[in-house]
Amino acid sequence: MSRAEITPLVTALGDITTVLRDADPADKAEVYRQLGLRLNYQPETQTVRAEVDLSAHRGAMVCVRGATQPIAPPPMKLSATLRLARF
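Given the structure is predicted, the values throughout are model-derived calculations rather than measurements.

Some remarks on the environment of Gln42
Alright, step 1. Mapped onto the secondary structure, Gln42 falls in strand β1 (residues 38-42).
Alright, step 2. Given a relative accessible area of 28%, Gln42 falls into the partly exposed group.

Written out as structure tokens, the structure reads:
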């Protein structure tokens, strides 16, 4: 998905960033675990590579008139490299 496709999805979720920021650390860890979020810190560039595999959260696609077999959606992985802010 492109940034232009992702932005409206994130906007539609509302203030999920605030909810996650303020959530109990154990609850956040469970959300991230279920999403398959992986973070890889690169100290030399002070960046974090974030990857999430959303494939397990997508259902099978079917035709309107019914298919002889469900169609498995293609894998869906999102990734981004984030530069850490200095405080």
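Points about the layout of surface pockets
Alright, step 1. The space that makes up the largest pocket amounts to roughly 1,200 Å³.
Alright, step 2. Ile6, Val10, Leu37, Val52 and Leu78 are, among the 27 residues lining the largest pocket, the residues nearest its centre.
Alright, step 3. If you tally residues by element for the lining of the largest pocket, the top one is helix α1 (residues 3-12), at five residues.
Alright, step 4. When the residues that make up the lining of the largest pocket are grouped by side-chain class, the tally is 21 nonpolar, three polar and three charged.

Some thoughts on the pattern of salt bridges
Alright, step 1. The full count for this structure, using the stated rule, is three salt bridges.
Alright, step 2. The residue Glu30 makes a salt bridge to Arg33 at a minimum N-O spacing of 2.6 Å. Note that Glu30 and Arg33 are positioned in helix α3 (residues 25-35) at a spacing of three residues, about one turn of the helix.
Alright, step 3. For Glu30, a relative accessible area of 31% translates into the label partly exposed.

Regarding the pairing of β1
Alright, step 1. Pairing of β1 with strand β2 (residues 47-53), which is carried by five bridges, proceeds in the antiparallel orientation. From the neighbouring strand, Arg38 faces β2, where its bridge partner is Glu51.
Alright, step 2. Between β1 and β2, which pair antiparallel and follow one another directly, the connecting turn spans four residues, one of which, Gln46, has a positive phi of 50 degrees.

The rules behind these values
Residues numbered from 1 in each chain as written. Predicted model: local features only at pLDDT ≥ 70, side-chain atom pairs only at ≥ 80, totals over all residues. Heavy atoms only, no water. Helix = DSSP H or I, 4+ residues; strand = E, 2+ residues; numbered from the N terminus. Buried < 20%, exposed > 50% of the residue type's maximum accessible area, 1.4 Å probe, protein only. 1 Å grid on protein atoms, 1.4 Å probe; cavity = no way out; pocket = protein on both sides within 12 Å on 5 of 7 lines; lining within 4 Å. Points joined across faces, edges and corners; volume = space filled by probe spheres on them. Nonpolar A, V, L, I, M, F, W, Y, C, P; charged D, E, K, R; others polar. Salt bridge = Lys/Arg side-chain N within 4 Å of Asp/Glu carboxyl O. Pairing = 2+ DSSP bridges.

None of this, on its own, says anything about what the molecule does.
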